[in-house]
Amino acid sequence: MYILRLINIFPILFLGTLAYGGTVDEAQRLLNKIGYNAGTVDGIYGSKPKSALVSFYSDKSQKF
């Protein structure tokens, strides 16, 4: 019974991860391109992409 539940849940988790990963990849790529160190483009939202986003938003809010 437990294995059946796991088999039913696995595709949902896997597909959700793929959809989210593409968004992080693109954010990392763009942040690196404009000079914010978001680390290696790997689709993982870790400390470097988070720090790069915080810096980006902080810089942009000061310019308005």
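Residues numbered from 1 in each chain as written. Predicted model: local features only at pLDDT ≥ 70, side-chain atom pairs only at ≥ 80, totals over all residues. Heavy atoms only, no water.

Describing the pattern of salt bridges
The test is simple: Within this document, salt bridges are pairs made up of a side-chain nitrogen of Lys or Arg and a carboxyl oxygen of Asp or Glu, the two lying within 4 Å of each other. We count a stretch as a helix when DSSP gives it H or I for four or more residues in a row; a strand needs E for two or more, and each element gets its number in order from the N terminus.
The final tally for this structure, using the stated rule, is 1 salt bridge. The residue Glu26 makes a salt bridge to Arg29 at a minimum N-O spacing of 2.9 Å. Linking Glu26 with Arg29, this pair stays in helix H1 (residues 2-33), spanning 3 residues, or about one helical turn.

Section: the side chain of Gln28
Inclusion rule: Residue exposure (1.4 Å probe, protein chains only): buried if accessible area is under 20% of the type maximum, exposed if over 50%, otherwise partly exposed. Pairs of N or O atoms are called polar contacts if they sit within 3.5 Å, as long as, within protein, a hydrogen donor faces a hydrogen acceptor (for residues adjacent in sequence, only side-chain-to-side-chain pairs). The contact criterion used throughout is that any non-hydrogen atoms of two residues lie within 4.5 Å.
Take Gln28: it is sitting in helix H1. Judged by relative accessible area, Gln28 falls into the buried class, the value being 2%. At 2.9 Å, the side chain of Gln28 and the backbone nitrogen of Gly43 are in polar contact. Separated by 3.5 Å, the side chain of Gln28 and the backbone oxygen of Ile44 make a polar contact. Once residues within four sequence positions are removed from consideration, Gln28 is found in contact with Ala38, Thr40, Val41, Asp42, Gly43, Ile44 and Pro49.

Structural measurements only, silent on function.
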